[in-house]
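# Residue-level structural notes
The residues making up each chain are set out below.
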Amino acid sequence: MHLNSRYLPTAANAEHLVVLLHAFPLSSAMWDRMAAHLETLRDDTALLMIDFPGFGESTPRVNWSLATLPLEIRGTIERHTRKKVTVAGLSLGGYAAFEFYRMNPGLVRALVLSNTKAEADTEEEKKGRMEFAADAILRGADAAIDRMYSKFVTVDTDPEIAIDIRTWMSAANPEAIAAALRAMAARDDSREFLPLITVPSLVIASEHDEIIKSSTMREMARLLENSSFVEIASASHLSAVDHPEEWAEALASFLDRV
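Structure report, in brief. Owing to the predicted nature of the structure, the values given are computational and were not obtained by experimental measurement.

Here is what the cut-offs are and how they apply
- Residues numbered from 1 in each chain as written.
- Predicted model: local features only at pLDDT ≥ 70, side-chain atom pairs only at ≥ 80, totals over all residues.
- Heavy atoms only, no water.
- Core = buried A, V, L, I, M, F, W, Y, C linked by side-chain atoms within 4.5 Å.
- Buried < 20%, exposed > 50% of the residue type's maximum accessible area, 1.4 Å probe, protein only.
- Helix = DSSP H or I, 4+ residues; strand = E, 2+ residues; numbered from the N terminus.
- Contact = heavy atoms within 4.5 Å.
- Expected span 1.5 Å × (residues − 1).
- Arc of directions from axis to C-beta.
- Pairing = 2+ DSSP bridges.
- 1 Å grid on protein atoms, 1.4 Å probe; cavity = no way out; pocket = protein on both sides within 12 Å on 5 of 7 lines; lining within 4 Å.
- Points joined across faces, edges and corners; volume = space filled by probe spheres on them.
- Nonpolar A, V, L, I, M, F, W, Y, C, P; charged D, E, K, R; others polar.
- Salt bridge = Lys/Arg side-chain N within 4 Å of Asp/Glu carboxyl O.
- Axes fitted to C-alpha atoms, helices over the stretch in contact; angles between N-to-C directions.

## Quick look at the nonpolar core
Counting residues in hydrophobic clusters, the biggest one holds 93 residues, and the most contacted among them are Phe24, Ile165 and Trp247. The element best represented in this core is helix H7 (residues 174-185), accounting for eight residues. Contacts of Phe24, omitting those with residues within four sequence positions, involve Phe55, Leu92, Phe132, Met148, Phe152, Ile177, Ala180, Leu181 and Met184.

## Details of helix H4 (residues 123-139)
Its 17 residues place the ends of H4 24 Å apart at the C-alpha level, agreeing with the 24 Å of an ideal helix rising 1.5 Å per residue. Listed as buried for H4 are Arg129, Phe132, Ala133, Asp135 and Ala136. On an axial view of H4, the arc spanned by its buried residues comes to 165°, and they lie on one face. Exposed residues pointing more than 90 degrees away from the buried face of H4 are listed as Glu123, Glu124, Lys127 and Leu138. Among the structural elements, helix H3 (92-103), helix H5 (141-152) and H7 are those in contact with the buried residues of H4. Following H4 by one or two positions, Gly140 has its phi on the positive side, about 75°.

## Overview of the pairing of strand E4 (residues 85-90)
Taken across its six residues, E4 has six buried, putting it largely inside the fold. Alternating residues of E4 divide into Val85, Val87 and Gly89 and Thr86, Ala88 and Leu90, and every residue in both groups is buried. Note: strand E2 (residues 16-21) against E4, four bridges, orientation parallel. Bridging from a neighbouring strand, Leu20 pairs with Ala88 of E4. Across six bridges, E4 lies against strand E5 (residues 108-114) in parallel orientation. Its bridge partner lying in E5, Gly89 is registered against Leu113.

## A word on the layout of surface pockets
Size it by volume and the largest pocket reaches roughly 510 Å³. Those elements that place two or more of their residues in the lining of the largest pocket are H4, H5 and H7. Residue contributions to the lining of the largest pocket peak at five residues, all from H4. For the lining of the largest pocket, a count of residues per class yields eight nonpolar, three polar and seven charged.

## Details of empty space enclosed by the protein
In this structure the tally under the stated criterion is one cavity of 30 Å³ or more. The calculated volume of the largest cavity comes to roughly 40 Å³. In terms of residue class, the lining of the largest cavity is built from four nonpolar, one polar and five charged.

## Topic: the pattern of salt bridges
All chains considered together, the criterion is met by 19 salt bridges. One salt bridge in this structure joins Asp164 and Arg33, with 2.7 Å as the shortest N-O distance. Placement of the pair is Asp164 in helix H6 (residues 159-170) and Arg33 in helix H1 (residues 32-41), with a sequence separation of 131 residues. Accessibility expressed as a relative area gives 22% for Asp164, which makes it partly exposed. A residue is classified by how much of its surface remains accessible, and Arg33, at 24% relative accessible area, is partly exposed. Within this structure, Asp135, Arg139, Asp146 and Arg147 form a network of salt bridges that share partners.

## Considering the sheet that holds E5
Ordered by their spatial adjacency, seven strands build an open sheet running E1-E3-E2-E4-E5-E6-E7, and the pairing between neighbours is mixed. For this open sheet the edge positions go to strand E1 (5-8) and strand E7 (227-232), each flanked by a neighbour on one side alone. Within the sheet, the average angular offset between the axes of one strand and its neighbour, ignoring direction, is 15°. Here helix H2 (residues 69-78) sits on the sheet in contact with E1, E2, strand E3 (45-50) and E4, set at roughly 140° to E3. Most of the contacts of H3 go to E4, to which it runs at about 145°, and overall it touches E2, E4 and E5.

## Some details on H3
Between its terminal C-alpha atoms H3 stretches 17 Å, which fits the 16 Å expected from 12 residues at 1.5 Å a residue. The element H3 is extensively covered by neighbouring structure, given that 10 of its 12 residues are classed as buried. Three or more residues of H3 are buried, namely Leu92, Gly93, Gly94, Tyr95, Ala96, Ala97, Phe98, Glu99, Phe100 and Tyr101.

Right, dumping it as structure tokens:
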């Protein structure tokens, strides 16, 4: 079994390779609009978009963990480069980015942490994820749509993007949803790890993120040694999907100092 990935070279000899790790319960397709905007801003950056187990084209598994995922992500990266990479993750992807840096600090040139947090789940949050997982097995993707769709869009979300988000959620494999929820519930706390992250980091928050508040992300940025903080106005939790141009602009600007 392996993780499906898509590699988008925008230059013959890319100066930057950015590894993009998607949100739950979507797939790497969520990055496509942002990637198209980034291509107009930089001609020196390649993108490697990875699907987590059971999402997109990756093989489903009943059990996987954020602690073991970095080995597979590393193997995927090494099929394309042996140089240091920028690792960018949104929400679940951010949790995976923390774990990748923890396991492979020498391979990371920079980090982009979007709509994510360093804290592990509380016992109450873990219980909620287990109930969500059971519901997903019972009702499929409807369980995720009922719980999360309203937090993924705002009154300002482009209707075409809103339809895409719902379509992507509808396509999610029930077993993959449940396995990802278990993986998130079991993840390590990264708060004490934050001051040890010395590479340049970009923290991207959203004004209207109901899942991870902008204030939580601003505090995370404060604890990182070499960080920039950007808040995207009017954006929901899925900032890179909801506002792909602004997200691409933030990334493009950040790469200038990496």
